[in-house]
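Okay, here's what each chain looks like letter by letter:
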Amino acid sequence: MRFNGGKVNRFLWLIGTLSLLVLASCSEERRTSVKSNDYPLNTPFIYSNKIIVNGVNSKDEKTKLTLELDNYWDDSLRARKEQRFLFWYRIKTPPTFDSINLSRSRNYMNAYLNSQGYYYGNFKDSIRIDSFGDQFRVHALMNVTPGKKITIDSIDYQLEDSSLQALTIQRMKGTLLKNGDNYSKQIINEELDRLIKIYRNKGYYKFTKEDIYAEVDSSNINLMNITLDPYKQVEMIAANAKKRLENPEWDISIKKRTTYDSSKLIKYAVGNIYYYPETKLSDIPDSLTTDPSFKEENYGNVWMRYKQGKFKYSPLKEHTFFAHGEIYNEELYFKSLNTLGQVGAWQQVDGKIVPRNKDTLDFYFFLTPTLKQNFTIDLEGSRNSGDIGSGNLFGISTNLSYRNRNVWKQAIQSITNFRTGVELNLSLGNNNSASDQLVQTFNISAGETFSFPRLIQPFNRWKSLRTLDNKRTILAFNASYVDRKNYYKLHSIVGSWGYEWKKNYRRAENTWLFKPFNVELYSLDTLPGLDTLFMKNPFLRNSFNTGNIFSQSLSFVRTFTTTNGKNHFMRFGVEETGLLFGIFNQLKNNIYRYIKLEAEYKQTKKYQKSVMAYRAFAGFGYNYGSYPGTTASTLPFFKQFSLGGPYSMRAWGMRQLGLGSSNTYDSISTSNFRDRYGDLALEGNVEYRFNIATVAGVKIGSALYTDIGNIWNVKKNPTDPLSQFSISNFGKDLAIGVGTGVRVDFTYFMIRLDFAYKVKDPVRMGNNGWMSINKFNWTDIRPNGLEVPNFALQLGIGLPFQ
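Residues numbered from 1 in each chain as written. Predicted model: local features only at pLDDT ≥ 70, side-chain atom pairs only at ≥ 80, totals over all residues. Heavy atoms only, no water.

### Remarks on the overall build of the protein
Right, on to step 1. The helix and strand inventory of the protein stands at 12 helices and 32 strands.
Right, on to step 2. A buried classification covers 42% of the 802 residues belonging to the protein.
Right, on to step 3. For the protein, restricting intrachain contacts to residue pairs at least 6 apart in sequence, the fraction spanning at least 24 positions comes to 65%.
Right, on to step 4. When the accessible area of the protein is evaluated, it comes to approximately 43100 Å², of which 55% is carbon and sulfur surface. (Helix = DSSP H or I, 4+ residues; strand = E, 2+ residues; numbered from the N terminus. Buried < 20%, exposed > 50% of the residue type's maximum accessible area, 1.4 Å probe, protein only. Contact = heavy atoms within 4.5 Å. Areas by Shrake-Rupley, 256 points an atom, 1.4 Å probe, with all protein chains shown as cover.)

### Looking at the packing of aromatic side chains
Right, on to step 1. Following the criterion strictly, the structure yields 42 aromatic pairs and no others.
Right, on to step 2. Each member of the aromatic cluster is reached from another via a ring pair, and the members are Tyr205, Tyr268, Tyr275, Tyr299, Tyr313, Phe322, Tyr328, Tyr333, Phe334, Phe363 and Phe365. (Phe/Tyr/Trp six-rings, centres within 6.5 Å; stacked < 30°, edge-to-face > 60°.)

### Quick notes on the sheet that holds strand β7 (residues 151-158)
Right, on to step 1. Read across the open sheet, the 3 strands follow the order β7-β9-β8; overall the sheet is mixed. Since the sheet does not close on itself, it has two edges, and those belong to β7 and β8 (212-217), each with one partner. If you compare each strand with its neighbour and ignore which way they point, the axes differ by 20° on average.
Right, on to step 2. Seen against the sheet, helix α5 (residues 185-200) touches β7, β8 and β9 (249-256) and runs at an angle of roughly 145° to β8. (Pairing = 2+ DSSP bridges. Axes fitted to C-alpha atoms, helices over the stretch in contact; angles between N-to-C directions.)

### With respect to the environment of Thr32
Right, on to step 1. With respect to the element layout, Thr32 can be found in strand β1 (residues 32-34).
Right, on to step 2. For Thr32, a relative accessible area of 5% puts it in the buried group.
Right, on to step 3. Sequence separation between Thr32 and Ile91 is 59 residues; the distance between their C-alpha atoms is 7.3 Å.
Right, on to step 4. If sequence neighbours within four positions are ignored, Thr32 has contacts with Tyr47, Lys81, Tyr89 and Ile91.

### Here we look at the packing of helix α4 (residues 162-170) against α5
Right, on to step 1. Remark: α4 packs on α5, axes separated minimally by 11 Å, with the N-to-C direction vectors making an angle of 115°. Of the two possible hands of crossing, α4 and α5 adopt the one that is right-handed. Contact residues: Leu164, Leu167 and Thr168 in α4; Leu195, Ile198 and Tyr199 in α5.
Right, on to step 2. Its residues assigned to classes, the contact of α4 with α5 shows 5 nonpolar, 1 polar and no charged. (Left-handed = near helix turned anticlockwise from the far one by under 90°. Nonpolar A, V, L, I, M, F, W, Y, C, P; charged D, E, K, R; others polar.)

### Points about a nonpolar patch on the surface
Right, on to step 1. A contiguous nonpolar surface patch, about 780 Å² in accessible area, is contributed by Phe514, Leu554, Val574, Leu579, Leu580, Ile595, Leu597, Phe620, Tyr622 and Tyr624.
Right, on to step 2. Elements that contribute at least two residues to the nonpolar patch include exactly β24 (594-606) and β25 (610-623).
Right, on to step 3. Here Leu554 is to be found in strand β22 (residues 549-561).
Right, on to step 4. Owing to a relative accessible area of 33%, Leu554 belongs among the partly exposed residues under this scheme. (Patch = residues over 30% accessible without salt bridge, like charges linked within 9 Å, V, L, I, M, F, W, Y side chains within 5 Å. Salt bridge = Lys/Arg side-chain N within 4 Å of Asp/Glu carboxyl O.)

### With respect to a positive patch on the surface
Right, on to step 1. On the surface, a cluster of positive charge is made up of Lys280, Lys310, Lys312, Lys372 and Lys409.
Right, on to step 2. Looking at where Lys280 falls in the secondary structure, it is placed in the loop between β10 (269-276) and α7 (285-288).
Right, on to step 3. What makes Lys280 exposed here is its relative accessible area of 55%. (Lys, Arg positive; Asp, Glu negative; His and termini not counted. Charge placed at Lys NZ, Arg CZ, Asp CG, Glu CD.)

### Describing the side chain of Thr368
Right, on to step 1. Mapped onto the elements, Thr368 comes out in strand β14 (residues 360-369).
Right, on to step 2. The class of Thr368 is buried, set by a relative accessible area of 5%.
Right, on to step 3. Within the structure, Thr368 has its side chain in polar contact with the backbone oxygen of Thr279 (distance 3.3 Å).
Right, on to step 4. With sequence-adjacent residues up to four places away left out, Thr368 is seen in contact with Thr279, Lys280, Leu281, Trp346, Gln347 and Gln348. (Polar contact = N/O pair within 3.5 Å; in protein donor to acceptor, adjacent residues only side chain to side chain.)

### Quick word on the packing of helix α2 (residues 59-69) against helix α3 (residues 100-115)
When two helices pack together, their arrangement is captured by the angle between the axes and the distance separating the axes.
Right, on to step 1. At a minimum axis separation of 11 Å, α2 and α3 run at an interaxial angle of 140°. As the angle between them shows, α2 and α3 are arranged oblique. Crossing geometry of α2 relative to α3 is assigned as right-handed. Between α2 and α3, the contacting residues are Lys64, Leu65, Glu68 and Leu69 on the first element and Met109, Tyr112 and Leu113 on the second.
Right, on to step 2. Per-class residue counts for the contact of α2 with α3 are 5 nonpolar, no polar and 2 charged. (Parallel < 35°, antiparallel > 145°, perpendicular 65-115°, else oblique.)

### Focus: the environment of Ile591
Right, on to step 1. In this structure, Ile591 sits in the loop between α11 (585-588) and β24.
Right, on to step 2. Sequence separation between Ile591 and Thr577 is 14 residues; the distance between their C-alpha atoms is 8.2 Å.

### Focus: the nonpolar core
Right, on to step 1. Ranked by internal contacts, the top residues of the largest apolar core, which has 27 residues, are Tyr275, Trp346, Phe363 and Phe365.
Right, on to step 2. Elements with a minimum of two residues in this core: β10, β12 (302-306), α9 (330-342), β13 (346-356) and β14.
Right, on to step 3. Ranked by residues supplied to this core, first place goes to β14 with 4 residues.
Right, on to step 4. Excluding anything up to four places from it in sequence, Tyr275 contacts Val302, Trp303, Met304, Arg305, Tyr313, Leu316, Thr320, Phe365 and Leu367.
Right, on to step 5. Counting residues in hydrophobic clusters, the runner-up holds 25 residues, among them Tyr47, Leu102, Phe123 and Ala140. (Core = buried A, V, L, I, M, F, W, Y, C linked by side-chain atoms within 4.5 Å.)

### As for unusual backbone geometry
Right, on to step 1. Not every positive phi belongs to a glycine, and Asn470 is a case in point at roughly 50°.
Right, on to step 2. Its place among the elements puts Asn470 in strand β19 (residues 469-484).
Right, on to step 3. Taking relative accessible area as the criterion, Asn470 reaches 15% and is therefore assigned buried.

### Some words on the pairing of strand β6 (residues 135-145)
Right, on to step 1. Relative to β6, strand β2 (residues 44-53) is paired through 9 bridges, and the arrangement is parallel. Within β6, the position partnered with Val53 by the bridge is Val144.
Right, on to step 2. Pairing between strand β5 (residues 122-132) and β6: 11 bridges, direction antiparallel. Considered in β6, the bridge of Ile127 is made with Ala140.
Right, on to step 3. Following β5, the chain reverses through 2 residues before pairing antiparallel with β6; Gly133 in that reversal takes a positive phi of roughly 65°.

### Observations concerning the sheet that holds β13
Right, on to step 1. The mixed open sheet is built from 5 strands, whose spatial order is β11-β12-β10-β14-β13. Because the sheet does not close on itself, it has two edges, and the strands there are β11 (295-299) and β13. Sheet twist, expressed as the average angle between the axes of neighbouring strands with direction ignored, equals 20°.
Right, on to step 2. In this structure, β13 lies alongside β14, joined through 10 bridges in antiparallel fashion.

### Points about the pairing of strand β18 (residues 439-452)
Right, on to step 1. Relative to β18, strand β17 (residues 412-425) is paired through 12 bridges, and the arrangement is antiparallel. Residue pairing for β18: Thr420 is matched across the bridge by Ile444.
Right, on to step 2. Here β18 pairs with β19 via 12 bridges, running antiparallel. Bridge assignment links Phe442 to a residue of β19, and that residue is Asp483.

### Brief notes about α9
Right, on to step 1. In a regular helix each residue adds 1.5 Å, so 13 residues correspond to 18 Å; α9 covers 19 Å between its end C-alpha atoms and thus fits that length.
Right, on to step 2. When α9 is considered as a whole, its buried residues turn out to be Glu330, Tyr333, Lys335, Ser336, Leu337, Thr339 and Leu340.
Right, on to step 3. In the segment just after α9, Gly344 is the residue with positive phi, at about 110°. (Expected span 1.5 Å × (residues − 1).)

### Notes on the confidence of the model for the protein
Right, on to step 1. Of the residues in the protein, 84% have a pLDDT of 70 or more, and the chain-wide mean is 84.
Right, on to step 2. Counted against residues more than four places away or in other chains, residues 1-5, with its pLDDT under 50, gives 1 contact.
Right, on to step 3. Long-range and interchain partners of residues 220-228, a stretch whose pLDDT sits below 50, account for 10 contacts in this model, where long-range means more than four residues apart. (pLDDT = per-residue confidence, 0-100.)

### A short note on the pattern of salt bridges
Right, on to step 1. The full count for this structure, using the stated rule, is 32 salt bridges.
Right, on to step 2. For Glu61, the salt bridge goes to Lys149, with nearest N and O atoms at 3.7 Å. With Glu61 in helix α2 and Lys149 in the loop between β6 and β7, this residue pair connects regions lying 88 residues apart in the sequence.
Right, on to step 3. Under the relative-accessibility criterion, Glu61 is labelled buried at 16%.
Right, on to step 4. Here Asp193 and Lys209 are joined by a salt bridge, their closest N and O atoms 2.9 Å apart. Of this pair, Asp193 sits in helix α5 while Lys209 sits in the loop between α5 and β8, and the two are 16 residues apart along the sequence.
Right, on to step 5. Classification of Asp193 by relative accessible area gives partly exposed; the value is 37%.
Right, on to step 6. Assessed through its relative accessible area of 27%, Lys209 is described here as partly exposed.

Written out as structure tokens, the structure is:
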């Protein structure tokens, strides 16, 4: 009997797809079981809970209320389910049903609706009992009609104190309460927090949230009008009741409570500042302030107290954002604590404020040093099938790293790396050729990185610099040497000077990295073996187009969370080389000249049992110069873009997608080296992540995803025209992969195994690159007879994108 492989594959694909669809279409109740002998016998017990929200037009709001209200079932009415495997659930120790608990659930749910601005909600419960053997399963259903959401009609501030009132009016632009907006207890609470922050940042140290409150008026002022007509009065009451249901509006007034402590209305100023940079974890702060054995350094109204002299004063001053005589600002105080804790020289930073006299505050900082220095040694091994020379190599390398967190007592961080390794030939022959030598590759490198906890620049008087967070100046350099026997010798020296800083906002954080000076010097000596490979595979030369780079770069990252719970990540980057240094004739023809732009956007939205994740990436590079000895019109390969692998376009192998719809790389049959690099990259990813089970505390999850994108050349290549980006060919050039996978989350790290299939391969012959269900194949044959898989298995660490 003979089997048609294609028909068998299509049959298995169809059966698997139909099975998943059938399971997914079954209700969750049908896929839920109760643990044997773990339920009340002959007694009704809770088997399922369900919330149905009615009368809400917004889909997002309805989804939110449904998910949130489900958390407000009384514990004695909740069926707690454990996800066993993918689609199946199990209930352990279900609670006995008692109808009294329904009223408690309604109260909890109503309290939640009130907090969200729904004050005229209606609840209707429904109980259904099914018998299943000796089980009496109770299905609890709650129909919720929230009614109209309360809107804000007017806002008024009555602080009684003239200074507070004036300060409040000055900051009205930032109020969270606006006419016509939806009312909620959360928004009221946030507005009170905003006001307290304003007051405490203006010196009102003792003024707290307990000193103000919000008064809400839900009455209709028209009902206060006196009328002698009882029918008119009844008519007005009825009209008000109707309006309250159809369009409820409330008035809000922010008021100050009666003040019995006059110091709450006093503005405090900064007095003395004391630093204890050598505090031990076991020290009691109160005892340190009275310890006479400390040595002291005095800087006006600032004292640094120590016993061993491990630190200098400058890093403390740099990261303290207030000074003697200034009005107390709570935001700057906490910013100082947080920034000092992030410098890296101290593992813990605590603060203490002590009022002195009538309107003065003294500040004490207790800083516990972290371990100053440490060494690490790593030993790594790898087995490689080389594309150049011998194909069976065993690599072994060691990396020695030394870290100092307090260089020159200035809290400067330094990392020193020294790395060396060799690749050994495991398949020695009997001749004496270079490829038969035991040692095939030798490499050695050394690097040093300094991170200064401040911005080293000539404009120290810029007041705007004080508003920045986590300021750092980064100096890095590295030198390396690689000797690939009989093929090449590569020397490189890389150095850079850059600045990094952050700016925090209410729900966002901006991070900037500016490198005004970056130098990369490369020198390649080609040997006879490499020259021979160039003749066999011309594309291999693109991976050795080394040169010198004098560049500047700027990157900007913004992370923020929106009110609907979505997390956003945006990154923009630009790198330019040769524009400034190219004006010098001595350098103009000896350095690369190009501009490179990158943009990336990521979004995640978490649900109760799953996550939706999106990503978009675009990269563009343009070479507007030339380099002696080369005809390359592209970026150097180590600056180009590539797609494919466990973190991008997962249906393709590492760097195996592109360029465009060109099959030139696949036509090379004399070498295994087919890595593809381009000057333009576009990619989009959509991923639905969900949990499968939890085994011994380890979370096992999966995902369904699709990847779309490709890479191209920007400039025309006469020998490979299909590799150039073209609007007319854009649809044809796009590659599409779909897949699924398994993620094993050990909390500290995640192992990921993804399977992806090429739904659309621009190089695939026929059907415009699309897969065919009728002619489904696991492999594709290129015109030169090369067999290429239509799928890929990818092993990765962590998520493909956050």
